[in-house]
Amino acid sequence: MSNCIFCSIVAGDIPSQKVYEDERFLAFLDIFPASKGHTLVIPKEHHVDIHAIPADTYGAMASVAKNVADLLMNKLLSEGTTIMQMNREAGWQTVFHLHMHVIPRWSGDNLHKPWDIKAATDEELEAVLQEIQRL
Ligand code: 5GP
Ligand code: ZN
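Description of the structure in this document. (Residues numbered from 1 in each chain as written. Chains lettered and ligands numbered in written order. Predicted model: local features only at pLDDT ≥ 70, side-chain atom pairs only at ≥ 80, totals over all residues. Heavy atoms only, no water.)

1. Observations concerning the overall build of the protein chain
Each helix and strand counted, the protein chain has 3 helices and 5 strands in total. Each helix (α) and strand (β) of the protein chain, taken in turn from the N terminus, gives the series α-β-β-β-α-β-β-α. Residues classed as buried in the protein chain amount to 33% of the 135 residues present. When contacts within the protein chain are restricted to residue pairs at least 6 apart in sequence, long-range pairs at least 24 apart make up 54% of them. Looking at charge distribution, the protein chain has the averaged site of its 11 positive side-chain charges lying 6 Å from that of its 18 negative ones. (Helix = DSSP H or I, 4+ residues; strand = E, 2+ residues; numbered from the N terminus. Buried < 20%, exposed > 50% of the residue type's maximum accessible area, 1.4 Å probe, protein only. Contact = heavy atoms within 4.5 Å. Lys, Arg positive; Asp, Glu negative; His and termini not counted. Charge placed at Lys NZ, Arg CZ, Asp CG, Glu CD.)

Put into structure tokens, the structure is as follows:
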């Protein structure tokens with residue numbers, strides 16, 4: 001897709017540091033890394049977000065992310081991995097070509113969970129479940 005940064009990376013018009021590549025997917029280092037080795041996994045085909053991509057293609061991308069996570073852990077000796085995948089503006093997406101963040105983690109690193117820990121009541125959980133299951 002024209003004027004998509006990640007399509008330009010796939011096309012080679014914008015340089016990137018490639019961690020993994022096959023016919024359908026590309027993994028490359030994030031230019032603003034949250035940690036050493038922070039990698040983005042993308043489908044080469046342009047899909048905007050999780051709601052626009054076929055489920056099996058999303059699953060295949062997740063498989064690539066798993067292998068990249070293992071690779072980064074083996075090579076960088078990270079102690080954990082955080083996967084993030086933002087969708088639409090409300091979901092913090094800023095580049096509108098679907099991508100999965102693979103973020104190597106070390107205990108004591110400076111990253112924080114993006115939400116506050118606050119327990120829901122049983123009533124609140126039941127209410128939302130009813131909303132989800134409503135016909
Ligand atoms: P989002 O906020 O949409 O989940 O993530 C977009 C990510 O793309 C950000 O982490 C940002 O650092 C990364 N990014 C944006 N432009 C470029 C670029 O030109 N090259 C690379 N390697 N990463 C980019
Ligand atoms: Zn694109």
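2. Notes on the sheet that holds strand β4 (residues 80–84)
Taken in spatial order, the 5 strands line up as β1-β2-β3-β5-β4 in an open sheet, and their pairing is antiparallel. In this open sheet, the two edge strands, each paired with only one partner strand, are β1 (18–21) and β4. Neighbouring strand axes in the sheet, compared pairwise and without regard to direction, differ in orientation by 20° on average. Relative to strand β5 (residues 100–105), strand β3 (residues 39–43) runs antiparallel, the two sharing 3 bridges. (Pairing = 2+ DSSP bridges. Axes fitted to C-alpha atoms, helices over the stretch in contact; angles between N-to-C directions.)

3. A short note on a negative patch on the surface
A surface patch of negative charge is lined by Asp122, Glu123, Glu124 and Glu126. Here Glu124 shows up in helix α3 (residues 122–133). Its relative accessible area of 44% is what places Glu124 among the partly exposed residues. (Patch = residues over 30% accessible without salt bridge, like charges linked within 9 Å, V, L, I, M, F, W, Y side chains within 5 Å. Areas by Shrake-Rupley, 256 points an atom, 1.4 Å probe, with all protein chains shown as cover. Salt bridge = Lys/Arg side-chain N within 4 Å of Asp/Glu carboxyl O.)

4. Let's talk about the coordination of the zinc ion (ligand 2)
At 2.0 to 2.3 Å from the zinc ion (ligand 2) lie its protein donor atoms, namely Cys4 (SG), Cys7 (SG), His46 (ND1) and His97 (ND1). For the zinc ion (ligand 2), the 4 donor atoms in the first shell make angles of 104 to 116° at the metal, so the coordination geometry reads as tetrahedral. Judged by relative accessible area, His46 falls into the partly exposed class, the value being 22%. (Donors = N, O, S within 2.8 Å, 3.2 Å for Na, K, Ca; no water. Tetrahedral: all angles 85-135°; square planar, octahedral: opposite > 155°, others 65-115°.)

5. Quick word on the site of ligand 1
Not every one of the 16 residues close to ligand 1 is listed here, only the nearest: Leu29, Asp30, Thr94, His99 and His101. Between ligand 1 and His101, the relevant distance is 2.8 Å, taken from an oxygen atom to a side-chain nitrogen or oxygen of the residue. Burial of ligand 1 by the protein amounts to 84% of the accessible area it has alone, namely 530 Å². Of all the elements in the fold, those that place two or more residues in the shell around ligand 1 are α1 (5–11) and β2 (25–29). Of the residues in the shell around ligand 1, the class split is 11 nonpolar, 4 polar and 1 charged. (Near = heavy atom within 4 Å. Polar contact = N/O pair within 3.5 Å; in protein donor to acceptor, adjacent residues only side chain to side chain. Nonpolar A, V, L, I, M, F, W, Y, C, P; charged D, E, K, R; others polar.)

6. What to know about helix α2 (residues 55–76)
Here α2 spans 31 Å end to end across 22 residues, near enough to the 32 Å set by a 1.5 Å rise per residue. Where α2 is concerned, the buried positions are Thr57, Tyr58, Met61, Val64, Ala65, Val68, Ala69 and Leu72. Buried residues along α2 cover an arc of 150° about the axis, so they all sit on one side. Away from its buried face, by an angle of more than 90 degrees, α2 presents the exposed residues Ala55, Asp56 and Asn74. Of the surrounding secondary structure, the elements contacted by the buried residues of α2 are β1, β2, β3, β4 and β5. One or two residues past the end of α2 sits Leu77, with phi positive at roughly 55°. (Expected span 1.5 Å × (residues − 1). Arc of directions from axis to C-beta.)

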